[in-house]
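These are the residues of each chain, in order.
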Amino acid sequence: MHHDSIVRKTEAFVKEQLSGDSTGHDWWHIQRVLKTALSIAEQESPVDLFVIRLAALLHDIGDWKFSGGDEMAAARQAHSWLVGVAVEEGTVEQVCEIVANVSFKGAGVKNMMKSLEGKIVQDADRLDALGAIGIARAFSYGGFKGQALHDPSTGPQYHSSFEEYKNSGGSTINHFHEKLLLLEDQMNTAAGRRIAKTRTEFMETFLSRFHLEWHGGDVRLTTDD
Ligand code: ADP
Ligand code: NI
């Protein structure tokens, strides 16, 4: 099969698999990651765009957070899909390696991504957790998990193992400190770092407003104007 038609078929497959998702892992997330990954790829060469397209499309298939904590579910599903549409073996291995390693697993857990294609897809995925969209996705995920928006009695925890990170039951505001604000320093590519910087600044502005309003710092009891 021609590469373009494999990509189109994969798109349709992923769209169907993720339709109805309301946790921030919907088809639109995949589309944004694909688009961002291709833009970053333009600034990094040489890269295999076929691998990037397939990995971006398949990166959240059977995500561990929604597969009973099974880390390898995504790579396994990606593998059987790619073999099914007759992608050559070397490409299948490259894509599955990326899918298996793309996800953030705790502040103290080492990033295992080796290929440049994987680093690009990982940056694109991380960028979608930052900025205005990142804020929206964090609270959407928090709602799905039944987390508090904010709980002043618990501070952030920097998880040193994937087990701890997976089982943490913190607030969504803590998630900003446990993951989102740390991503800027973990970006793999120069373009990724640049975009991460402005998105992180926006989140910091959001957080200071959040805390200001939480304490009523903007509320005036008397109006003399
Ligand atoms: P990725 O798609 O980058 O692997 P994740 O799957 O870890 O990211 O998370 C998907 C989205 O859900 C991200 O926007 C992330 O910030 C958010 N998220 C993950 N865990 C939490 C959490 N405990 N609280 C709030 N948001 C979370
Ligand atoms: Ni993702």
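Before reading on, note that the structure itself is shown above.
Quick caveat, the model's predicted, so the values are computed rather than measured. (Residues numbered from 1 in each chain as written. Chains lettered and ligands numbered in written order. Predicted model: local features only at pLDDT ≥ 70, side-chain atom pairs only at ≥ 80, totals over all residues. Heavy atoms only, no water.)

J.: Any chance you could break down the coordination of the nickel ion (ligand 2) for me, citing the residues and the numbers?
T.: Protein-derived coordination of the nickel ion (ligand 2) comes from H29 (NE2), H59 (NE2), D60 (OD) and D125 (OD), at a distance range of 2.1 to 2.3 Å. Taken in sequence order, the residues that donate to the nickel ion (ligand 2) follow the motif H-x29-H-D-x64-D. Remark: D125 occurs in helix 6 (residues 116-127) and H29 occurs in helix 2 (residues 27-42); sequence separation between them is 96 residues. By relative accessible area, which is 0% here, H29 ends up buried. In this structure D125 comes out as buried when scored by relative accessible area, which is 14%. (Donors = N, O, S within 2.8 Å, 3.2 Å for Na, K, Ca; no water. Helix = DSSP H or I, 4+ residues; strand = E, 2+ residues; numbered from the N terminus. Buried < 20%, exposed > 50% of the residue type's maximum accessible area, 1.4 Å probe, protein only.)

J.: Just give me the short version of unusual backbone geometry, but keep the residues and values in it.
T.: Here the amide bond leading from S45 into P46 is cis, since omega sits at -10 degrees, within 30 degrees of zero. Locating P46 in the fold gives a position in the loop between helix 2 and helix 3 (49-58). The backbone of A86 shows a phi angle near 60 degrees, a positive value even though the residue is not glycine. Here A86 falls in the exposed class, since its relative accessible area comes to 54%.

J.: Any details on the packing of helix 4 (residues 73-84) against helix 5 (residues 89-101)? Residues and values, ideally.
T.: In the contact formed by helix 4 and helix 5, the axes pass within 8 Å of each other and the chain directions differ by 155 degrees. The angle between helix 4 and helix 5 places the two elements in the roughly antiparallel class. The element helix 4 and its partner helix 5 pack so that their crossing is right-handed. When helix 4 is examined against helix 5, the residues A74, A75, A78, H79, L82 and V83 are found in contact with a partner set consisting of V92, E93, V95, C96, V99 and A100. For the contact of helix 4 with helix 5, the residue count by class is ten nonpolar, one polar and one charged. (Axes fitted to C-alpha atoms, helices over the stretch in contact; angles between N-to-C directions. Parallel < 35°, antiparallel > 145°, perpendicular 65-115°, else oblique. Left-handed = near helix turned anticlockwise from the far one by under 90°. Contact = heavy atoms within 4.5 Å. Nonpolar A, V, L, I, M, F, W, Y, C, P; charged D, E, K, R; others polar.)

J.: Break down the packing of helix 1 (residues 3-18) against helix 3 for me, with residues and values.
T.: As a packed pair, helix 1 and helix 3 sit with axes 10 Å apart at the nearest point and diverge in direction by 10 degrees. When the axes of helix 1 and helix 3 are compared, the pair comes out roughly parallel. Between helix 1 and helix 3, the residues in contact are H3, I6, V7, T10, E11, F13 and V14 and F50, R53, L54, L57 and L58, respectively. Per-class residue counts for the contact of helix 1 with helix 3 are eight nonpolar, two polar and two charged.

Worth remembering: the numbers are spatial, not functional.
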